[in-house]
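Single-letter residue listing:
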Amino acid sequence: MTWNVVGHAWAIRALQRDLALGRPAHAYLFAGPAGIGKRTLALAFAQALNCAAPPAPGEACGACRPCRQIAARTHPDLFVLLPQEPGKPIKVEAAREMMHMLALSPLELQWRVGLLANFDQATSSTANALLKTLEEPPASVILLLTAESAETLLPTIVSRCRVITLRTLPRPEVEAALTDRWHVPPDRAKLLAHLSGGRLGWALREVEEQGASQARRDTLDAWRSVFTSSRAKRFEQVARLTKEGDEEQALRRTLEMWQSLTHDLLLAGIDSQAPLTNLDFADEIRALAASIPAAPARRWLAALQRVERGLERNLNLRLALEAALLEAPSL
Ligand SMILES: [Zn+2]
């Protein structure tokens, strides 16, 4: 068993049996609570269906082009439909478009795969858009649906799907996966495994968000340190930013957040009750606003906006940033 999936061994075996028999169902419904691994398993199944170099029947190499493109969701014969916002249903027009695309003949893969996530939130018109494909499935099409439970879906949909209901993983398995595969520190892995209730995807999302909030904290600290830095220190900071900034995306994100923080600083300076965007740092921003008047905050914001516009026009970034940082208020 070489699927790149933690746990759910029985489900993988069941799916591999379908593959071994050479006649997978036309549609599968992966059911189970949020963060349990439905989508991960569905994509692994899509890989096993289409791997160009399976190490054994029903397995996926994970390295061939179809495997990589499916993992990255960039394969031309893989269609993935997620809700645009969490908790919102997928759009009926998008589902119709997908059914239309699936009906065309495959470009490359043996199987065209359509993955529709969170189908329990789909409206009845979306479900109806799917029914025709489910009733008369094109020969090379496989639909993969995910939902928290089969009960909330239309029976006409469920009856046409092979239902794979996933169970939560044992806590030690979640903990081991977190430490071994995702290098989460043992203490944290233990806590997350406990809180996850056996849902690895949930635990991983927590890890990701924790990482994001630390990155935000670092960006806030860098932004704040400008105000107390000497001229020379500010130039050093520019050098640091533009050095890391050979990754332009990272620098853009930093600039974006600095602008947002500075905008909040300006707002808080004008009205201490003003609603702020960066809620997680509201206390820090209000404290700073007490000693930075609106006028210099506004100049600093304008300077940051100029840097961003310069970035678009490929101006000398380092010079632009130096000029901007000299405009920053001093404490
Ligand atoms: Zn492969």
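Treat the numbers as computed from the prediction; the structure is a model and nothing was measured.

Calculation criteria
Residues numbered from 1 in each chain as written. Predicted model: local features only at pLDDT ≥ 70, side-chain atom pairs only at ≥ 80, totals over all residues. Heavy atoms only, no water. Helix = DSSP H or I, 4+ residues; strand = E, 2+ residues; numbered from the N terminus. Buried < 20%, exposed > 50% of the residue type's maximum accessible area, 1.4 Å probe, protein only. Contact = heavy atoms within 4.5 Å. Donors = N, O, S within 2.8 Å, 3.2 Å for Na, K, Ca; no water. Tetrahedral: all angles 85-135°; square planar, octahedral: opposite > 155°, others 65-115°. Domains from an automatic or database assignment. Phe/Tyr/Trp six-rings, centres within 6.5 Å; stacked < 30°, edge-to-face > 60°. Core = buried A, V, L, I, M, F, W, Y, C linked by side-chain atoms within 4.5 Å. Axes fitted to C-alpha atoms, helices over the stretch in contact; angles between N-to-C directions. Parallel < 35°, antiparallel > 145°, perpendicular 65-115°, else oblique. Left-handed = near helix turned anticlockwise from the far one by under 90°. Salt bridge = Lys/Arg side-chain N within 4 Å of Asp/Glu carboxyl O.

**Some thoughts on the overall build of the protein**
Scanning the protein from N- to C-terminus turns up 14 helices and five strands. The principal-axis extents of the C-alpha atoms in the protein amount to approximately 70 × 45 × 40 Å. When burial is assessed residue by residue, the protein has 45% of its 331 residues classed as buried. Contacts in the protein between residues far apart in sequence, at least 24 positions, make up 68% of those at least 6 positions apart.

**Focus: the coordination of the zinc ion**
Within the protein, the atoms that donate to the zinc ion are Cys51 (SG), Cys61 (SG), Cys64 (SG) and Cys67 (SG), at distances of 2.2 to 2.3 Å. For the zinc ion, the four donor atoms are set out with angles of 102 to 120° between them, so the coordination reads as tetrahedral. In primary sequence terms, the donor set of the zinc ion follows C-x9-C-x2-C-x2-C. In this pair, Cys51 sits in the loop between α2 (38–50) and α3 (65–71) while Cys67 sits in helix α3, placing the two residues 16 residues apart along the sequence. Taken as a pair, Cys51 and Cys67 share a single burial class, namely buried.

**What to know about the domain arrangement of the protein**
Domain boundaries assigned for the protein yield domain 1 (9–167) and domain 2 (229–326). Distance from the C-alpha centre of domain 1 to the C-alpha centre of domain 2: 44 Å.

**Description of the packing of aromatic side chains**
Inspection of the entire model under this criterion finds six aromatic pairs. Taking 6.4 Å as the distance between ring centres and 20° as the angle between the ring planes, the aromatic pair formed by Tyr28 and Phe30 counts as stacked. When sorted by exposure, Tyr28 lands in the same class as Phe30, which is buried. Summarising the aromatic geometry, the rings of Trp223 and Phe227 are spaced 5.2 Å apart at their centres and angled 80° between planes, so their arrangement reads as edge-to-face. Taken together, the residues Trp223 and Phe227, both in helix α9 (residues 200–227) and four residues apart, mark about one turn of the helix.

**Focus: the nonpolar core**
For soluble globular proteins, nonpolar side chains are generally found buried alongside one another. Trp223, Trp258, Leu265, Trp300 and Leu321 are the most contacted members of the largest nonpolar core, which totals 33 residues. Residue assignment for this core shows that the elements contributing at least two residues are α9, α10 (231–244), α11 (248–270), α12 (282–289), α13 (294–312) and α14 (317–326). The leading source of residues in this core is α11, at eight residues. Setting aside residues no more than four positions away along its own chain, Leu265 makes contact with Trp223, Phe227, Ile285, Leu288, Ala289, Ile292 and Ala297. Ile12, Leu43, Leu78 and Trp111 belong to the second largest nonpolar core, which has 27 residues in total.

**Comments concerning the packing of helix α1 (residues 9–20) against α2**
Put simply, α1 and α2 touch, their axes get as near as 11 Å, and they point 30° apart. With respect to each other, α1 and α2 are oriented roughly parallel. Handedness of the α1/α2 crossing: right-handed. Here Ala11, Ile12, Leu15 and Leu19 of α1 come into contact with α2, specifically with Leu41, Phe45, Ala48 and Leu49.

**Here's the deal with the pattern of salt bridges**
Enumeration over the complete set of coordinates arrives at six salt bridges. Here Glu284 ties to Arg217 by a salt bridge, and the two come within 3.2 Å at their closest N and O atoms. One end of the pair, Glu284, is in helix α12; the other, Arg217, is in helix α9, and 67 residues separate them in sequence.

**Describing unusual backbone geometry**
One non-glycine residue, Arg73, lies in the positive phi region at around 60°. Looking at the secondary structure, you find Arg73 in the loop between α3 and β2 (78–81). Given a relative accessible area of 37%, Arg73 falls into the partly exposed group. Here Asn118, not a glycine, exhibits a phi torsion of approximately 50°, which is positive. Checked against the element boundaries, Asn118 lands in the loop between β3 (112–116) and α5 (124–135).

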